[in-house]
Amino acid sequence: MAFTSLQLWYNSRGSMTLSKPPLPIRSKSLISISCNFTAKNLNQCTRDCSFMPRNKENFLGNKVPLLPNGRLRLKVSASSGEEAESAYLEEFSWSSVILPFIFPALGGLLFGYDIGATSGATISLQSPEFSGTTWYSLSAVQLGLVVSGSLYGALIGSILAYPFADFLGRRRELIIAAILYVAGGSLTAYAPGLGALLLGRLVYGLGIGLAMHGAPLYIAETCPSQIRGTLISLKELAIVLGILLGYSVGSYEIDVIGGWRYMFGLSAPIALLMGFGMWTLPPSPRWLLLRAIQGKGPLQEYKEKAIGALSKLRGRPAGEKVSEKQIDDTIMSLKTAYTNQEAEGNFLEVLQGPSLKAFLIGGGLVLFQQITGQPSVLYYAGSILQSAGFSAAEDATRVSVVIGIFKSLMTAVAVLKADDLGRRPLLIGGVSGIALSLFLLSAYYKYLGSFPLVAVSALLLYVGCYQISFGPISWLMVSEIFPLRTRGKGISLAVLTNFGSNAIVTFAFSPLKELLGAENLFLLFGVIALLSLLFVVTSVPETKGLSLEEIESKLLR
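To start, this report covers the structure provided alongside it. (Residues numbered from 1 in each chain as written. Predicted model: local features only at pLDDT ≥ 70, side-chain atom pairs only at ≥ 80, totals over all residues. Heavy atoms only, no water.)

### Section: the overall build of the protein chain
Applicable threshold: Segments assigned H or I by DSSP are reported as helices when at least four residues long, segments assigned E as strands when at least two residues long, and all are numbered from the N terminus. For every residue, the accessible area obtained with a 1.4 Å probe (protein chains only) is divided by the maximum for its type, and the residue is called buried under 20%, exposed over 50%, and partly exposed between those limits. A contact between two residues is defined here by any heavy atoms of the two lying within 4.5 Å. The Shrake-Rupley method, run with a 1.4 Å probe sphere, supplies the accessible areas, and residue values consider only the shown protein chains as cover.
Of regular secondary structure, the protein chain possesses 21 helices and six strands. Taken across its 557 residues, the protein chain has 56% of its residues classed as buried. Looking at the protein chain alone, contacts between residues at least 24 apart form 82% of all its contacts between residues at least 6 apart. Entry remark: accessible area of the protein chain is about 24000 Å², with carbon and sulfur atoms responsible for 64%.

Right, here's the structure in full:
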């Protein structure tokens, strides 16, 4: 059944009943409330939807001023046994959402760029001919620190974001991330010795930690709900394009003396663009309202700031009524959600109640994203392609470009389908393909070594399925499901889980490979992929088309 407009009436005894409105109601003073019901027909819905409020001034724990005639307007969604979705579709123009997406997404692109550039930079840095230094002969430990320095910086950045992110706000957090990117990239490019190089890698990693926390928050909180999946998936595409850009720059500069300096240093001007762009954007309207609900300032003052921020984000003239109505609706949702609660989550609340449920979903996704072997599978990409006779495999940097292009194409599929098919279908289909590809790789190394086409097909299947599932959808879900008051801390903990598990998998790969052999290692990853598929089927909800407030309400039930 489609959404049906009903009226909610108070009678003299304070009870409420539902009925169809005889005429369209145009009173500007009516208050709109969205409710979801499951019913086979409108009569059943009407019969089952009677309420007895605590009193006339307190409707479901939320103080609502009554109209003189005691009437409210109620939207009811009735469906035959299926979850109802939001009927509200915000009007917007694509031109107005491009810049609020692009500048935060540059933070993700710079993360991806570091991954790609480091691949070529480590080759250049260790070359006696092209290093351009006297300290090119690095030990295994020193090389490991160069490669993983930004990863450990990202871990520290994630830890710092946990207590300070809500205080800073999404916009300022991304500006600070851009400054750290510039400082880290510049210091790395001009490093006179190994110590300065490692310090630059650490500082750059701090920027990664803040950017990977602030970017999905800012995008999710500022974009229209009906394209939220598309935009956050596009942020994942920005990461993949950054990897491809890093691979390409590495391939171009690999035979240049001191080429590693150019590979690392190119990040600085991109980061400058990111910082300037974030400086021109307004704060997140939802963050402003959260600060008001937390008692950090007068509600009216923060409300006016939020209206101005939303109008600027949507390209609307100052003072127009559409943004004001949206902000009023959001304030009402926040007050309803936080009645009789402290609006600011405490240090441990992210591990309690609905926030814990959100963390188990989001943290579980980013954990499985790493422990299903993504770094390890790509580690084998060169040897797999070589075994199939690909000429590009003679040059590691060119192989990386090939893989990067394919990753980009498959991520584009997720971008186009995240708000169409939904999150769960992409996750279920993609993770199923990941499990199949891992079992195929295990079979290749154990039984099918004479059939290299099996290995190549399995590799491409893995990369493609990862890019339509765990790659973009994990971060999309993380940015959506946390309650507003613990969203900053929750995403920080999820980012920390991601980078921590990445570090563990990267560290444990070589010992496990030596202990188990490649065939058994991929078999282990395949079993873990099956467990992750079970987790998705049983625990991950669908959030397509729902506003952030509706998702929060859904998790609270």
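### Description of a nonpolar patch on the surface
Under the convention used in this document: Residues enter patches when they are more than 30% accessible in relative terms and free of salt bridges; like-charged ones are connected within 9 Å and nonpolar ones (Val, Leu, Ile, Met, Phe, Trp, Tyr) within 5 Å. The term salt bridge refers to a pairing of a side-chain nitrogen on Lys or Arg with a carboxyl oxygen on Asp or Glu at a separation within 4 Å.
A contiguous nonpolar surface patch, about 530 Å² in accessible area, is contributed by Tyr152, Ile156, Leu160, Phe164, Leu199 and Leu202. Only helix 3 (140-168) and helix 5 (194-222) provide two or more residues apiece to the nonpolar patch. Ranked by residues supplied to the nonpolar patch, first place goes to helix 3 with four residues. With respect to the helices, strands and loops of the structure, Tyr152 is situated in helix 3.

### Let's talk about the nonpolar core
Operational definition: Residues enter a nonpolar core if they are buried and are Ala, Val, Leu, Ile, Met, Phe, Trp, Tyr or Cys, with the set joined through side-chain atoms within 4.5 Å. Marked domain ranges trace back to an automatic or database domain assignment.
Counting residues in each nonpolar core, the largest one holds 95 residues, and the members touching the most others are Tyr181, Leu365 and Phe499. When residues in this core are grouped by element, the largest group, twelve residues, is from helix 5. Shared between two domains, this core takes at least three residues from each, and those domains are domain 1 (86-280) and domain 3 (346-556). Those residues in contact with Leu365 that sit more than four places away from it in its chain are Leu427, Phe470, Ser474, Met477, Phe535, Val536 and Val540. Ranked by size, the runner-up nonpolar core spans 16 residues in total, among them Tyr113, Ala117, Leu138 and Leu194.

### Considerations on the side chain of Thr222
With respect to the helices and strands, Thr222 occurs in helix 5. Ignoring sequence-local partners within four residues, the contact set of Thr222 consists of Ser284, Pro285, Leu313 and Arg314.

### Some details on the packing of aromatic side chains
Which entries qualify depends on this criterion: Under the pairing criterion, centres of Phe, Tyr and Trp rings, with the six-membered ring standing for Trp, must be within 6.5 Å; the plane angle then separates stacked pairs below 30 degrees from edge-to-face pairs above 60, leaving the rest tilted.
Scanning the model with the defined rule gives seven aromatic pairs in all. For the ring pair Phe368 and Phe535, a centre distance of 5.5 Å and an interplane angle of 45° mean the geometry is tilted. With a gap of 167 residues between them, Phe368 in helix 12 (residues 353-371) and Phe535 in helix 20 (residues 518-539) connect regions that are remote in the sequence. Of the two residues, Phe368 and Phe535, neither departs from the other in class, the shared state being buried. For the pair Tyr445 and Phe522, a centre-to-centre distance of 5.9 Å together with 25° between the ring planes defines the contact as stacked. Taken together, the residues Tyr445 in helix 16 (residues 423-446) and Phe522 in helix 20 connect sequence positions 77 residues apart. With a relative accessible area of 27%, Tyr445 lands in the partly exposed category.

### Points about the packing of helix 17 (residues 452-468) against helix 18 (residues 470-481)
Convention followed: Note on geometry: axes are lines fitted to C-alpha atoms, helical ones only across the stretch in contact, with angles between N-to-C directions running from 0 to 180 degrees. Angle categories are assigned with fixed cut-offs, so that under 35 degrees is roughly parallel, over 145 is roughly antiparallel, 65 to 115 is roughly perpendicular, and the rest are oblique. Each residue is assigned to one class: nonpolar for Ala, Val, Leu, Ile, Met, Phe, Trp, Tyr, Cys and Pro, charged for Asp, Glu, Lys and Arg, and polar for all the others, Gly among them.
The geometry of helix 17 relative to helix 18 is characterised by a closest axis approach of 4 Å and an angle of 20° between their N-to-C directions. What the angle tells us is that helix 17 and helix 18 run roughly parallel. Contacts from Tyr466, Gln467 and Ile468 in helix 17 reach Phe470, Gly471, Pro472 and Ile473 in helix 18. For the contact of helix 17 with helix 18, the residue count by class is five nonpolar, two polar and no charged.

### Regarding the pattern of salt bridges
Scanning the model with the defined rule gives five salt bridges in all. The partner of Arg201 in a salt bridge is Asp114, and the shortest N-O contact between them spans 2.4 Å. Of this pair, Arg201 sits in helix 5 while Asp114 sits in helix 2 (residues 94-125), placing them 87 residues apart in sequence. A salt bridge links Lys303 to Asp328; the nearest nitrogen and oxygen atoms lie 2.8 Å apart. Linking Lys303 in helix 10 (residues 299-314) with Asp328 in helix 11 (residues 321-337), this pair joins segments that are 25 residues apart in sequence. We classify Lys303 as buried; its relative accessible area is 14%.

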